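An overview of the molecular structure
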Amino acid sequence: MPVDVIFLEPNFPRNQREFARALHAVGARVTGIGERPKEYLDDEMRHWLSHYEQVSNVTDPTQVERAVRFMQSKIRVDRLEAAVEAHVMCAAKVREACGIPGTSVETTFLCRDKPAMKEALRKAGVACAQSIGSDDAREIQQFVQQIGYPVIVKPRDAAGAAATYRCDDDASLAQALHESGVGQGHSVAVEEFIEGHEGFWDTITVGGTVVHEFVCHYYPSVLEAMRSRSVNPQFICTNRVDAAGSYDQVKEMGRKVISALGIKTSATHMEWFFGPKGLKFSEIGCRPPGVGAWDLYCAANDVDIYREWAEAVVWRTQKQTLSRRFSAGIVALRPDRDGRIVGYEGVDAVERAFGQWIIDSHFPAAGTPTGPVGAGFMANAWIRMKHPDYDELRRMLDLVGQTVKVRAA
């Protein structure tokens, strides 16, 4: 008997189609629920999906539940899955309303609401930044007086560094609270600033047990990378995660987090800091990482990680082994100003020097509007590379960032 899986929004963003492909590849019968008309589906997607339901908003539990209940009137729905941060709470609510197994509303809430997340993890003995969640400016100011500057202000449920502020004094705190809507009904997370190196630990878990894990490093930190045009930021997936004992502490902390938050069968994405105060947990999502990180894992490990995710959620198992042959990373290439792309310099030199190690690249055509600095690693031009030696890959990515110039006008 086939396993029937509903997947939210198989069309957008682009890599969402990989999840639909993988579910079909492991033998699931896949129904898509998305915002685009059925006519938008290309031939490949039509092959992977057995059915498609359109809704106007895939984050609206009422609409999605209506579509799911319609499908339940036709078939037994075994799984309801989502891979985008903005979709996971809707999926959790509809799962519980419709009696479909999977990540609970409580776990999803704890993986999205940063103050509640950290409160639960501090009780479990996980080292976290001091934090508060509040919509009261006076309460926030009192908290900051107690812990001291600098602090970080961010939305309670944002992903990455979106709408995140570093505040070093009363004036910058007041500005951040005003821009975040505190006092107009909006609540924010305010956290102690943790100095140190930033990285992330990603997994696929089955029944709460980690079956695949990856460690990546940011250069520089995300907050700095998303604020400065002069930086061509990188993140690199290391192939030393099994060989270097220095990662044991990250692995131990990550497993404690997964257990404390009740994550069972899911992809996870956990950010961490290591510095003068030791290893500190930052935040976790019960979904895959963004900005094409899984593509790097595939290239580095001779594995189809999307298919491994599908094996986990459909069959509760793993099939492939990670080779750890390569480290793999991305360097974002920032335009020299806002405007429109006019051209590139240094690309040929990079291709001559490192062509065998280039996975892929993206160079928007002349005339393309530039993306804002805060839009992330793939908002403009980028190059992804791999190499058997992590330090050599870092050196190459640094040279790419120094050599390639993105000109705009």
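In case you missed it, the structure is sitting above this.
These lines cover the structure that appears in this document, whether it is placed above or below. Computed from a prediction, not measured in an experiment: that's the story for all the values here. (Residues numbered from 1 in each chain as written. Predicted model: local features only at pLDDT ≥ 70, side-chain atom pairs only at ≥ 80, totals over all residues. Heavy atoms only, no water.)

Quick look at the pattern of salt bridges now. Two side chains of opposite charge can pair, provided their charged atoms sit close to one another. Within the structure shown, the criterion is met by 30 salt bridges. Two residues, E192 and K277, come together in a salt bridge whose shortest N-O distance is 2.4 Å. Of this pair, E192 sits in strand β8 (residues 188-192) while K277 sits in the loop between β12 (266-275) and β13 (278-285), and the two are 85 residues apart along the sequence. The exposure class of E192 is buried, given its relative accessible area of 12%. Across the pair K251 and D242 runs a salt bridge, and its minimum N-O distance is 3.8 Å. For K251, a relative accessible area of 13% translates into the label buried. Linked by salt bridges that have partners in common, K118, K154, E191 and E283 make up one network. (Salt bridge = Lys/Arg side-chain N within 4 Å of Asp/Glu carboxyl O. Helix = DSSP H or I, 4+ residues; strand = E, 2+ residues; numbered from the N terminus. Buried < 20%, exposed > 50% of the residue type's maximum accessible area, 1.4 Å probe, protein only.)

The next point concerns the nonpolar core. Counting residues in hydrophobic clusters, the biggest one holds 68 residues, and the most contacted among them are L23, W294, W309, M385 and V400. Considering every element that reaches this core, the biggest residue donor is helix α12 (residues 305-315), with seven residues. Composition of this core by domain shows at least three residues from each of domain 1 (3-102) and domain 3 (197-408). Among all residues touching L23, those that are not within four sequence positions of it are V5, F7, A28, V30, W309, A310, V313 and V314. Core analysis: the second largest hydrophobic core is formed by 24 residues, L110, V126, V241 and W272 among them. (Core = buried A, V, L, I, M, F, W, Y, C linked by side-chain atoms within 4.5 Å. Domains from an automatic or database assignment. Contact = heavy atoms within 4.5 Å.)

In terms of burial, α12 is a largely internal element, nine of the eleven residues being buried. Turning to α12, its buried residues number three or more, namely I305, Y306, E308, W309, A310, E311, A312, V313 and V314. At the N-terminal end of α12, a side-chain oxygen is found 3.2 Å from the backbone nitrogen of Y306, two or three residues along, and the residue is D304. The positive-phi residue at the C-terminal boundary of α12 is R316, with phi of around 60°. (Polar contact = N/O pair within 3.5 Å; in protein donor to acceptor, adjacent residues only side chain to side chain.)

The next subject is the packing of aromatic side chains. Following the criterion strictly, the structure yields 13 aromatic pairs and no others. Both rings, one in F19 and one in Y306, keep their centres 5.2 Å apart while their planes meet at 80°; by these two values the pair is edge-to-face. Pair noted here: F19 is in helix α1 (residues 16-25) and Y306 is in helix α12, with a separation of 287 residues, a long-range link. Residue F19 is classed as buried on the basis of its relative accessible area, which comes to 2%. A relative accessible area of 3% means that Y306 is categorised as buried. Pairing Y344 with F363 gives two aromatic rings, centres 5.1 Å apart and planes at 80°, and the pair type is edge-to-face. One end of the pair, Y344, is in strand β15 (residues 341-345); the other, F363, is in the loop between β16 (358-362) and β17 (381-387), and 19 residues separate them in sequence. In this structure Y344 comes out as partly exposed when scored by relative accessible area, which is 26%. Counting every residue linked through ring pairs, the aromatic cluster contains F7, F19, W294, Y306 and W309. Against the face of Y40 rests R36, its NZ or CZ located 5.2 Å from the ring centre. (Phe/Tyr/Trp six-rings, centres within 6.5 Å; stacked < 30°, edge-to-face > 60°. Lys NZ or Arg CZ within 6 Å of the ring centre and 35° of its normal.)

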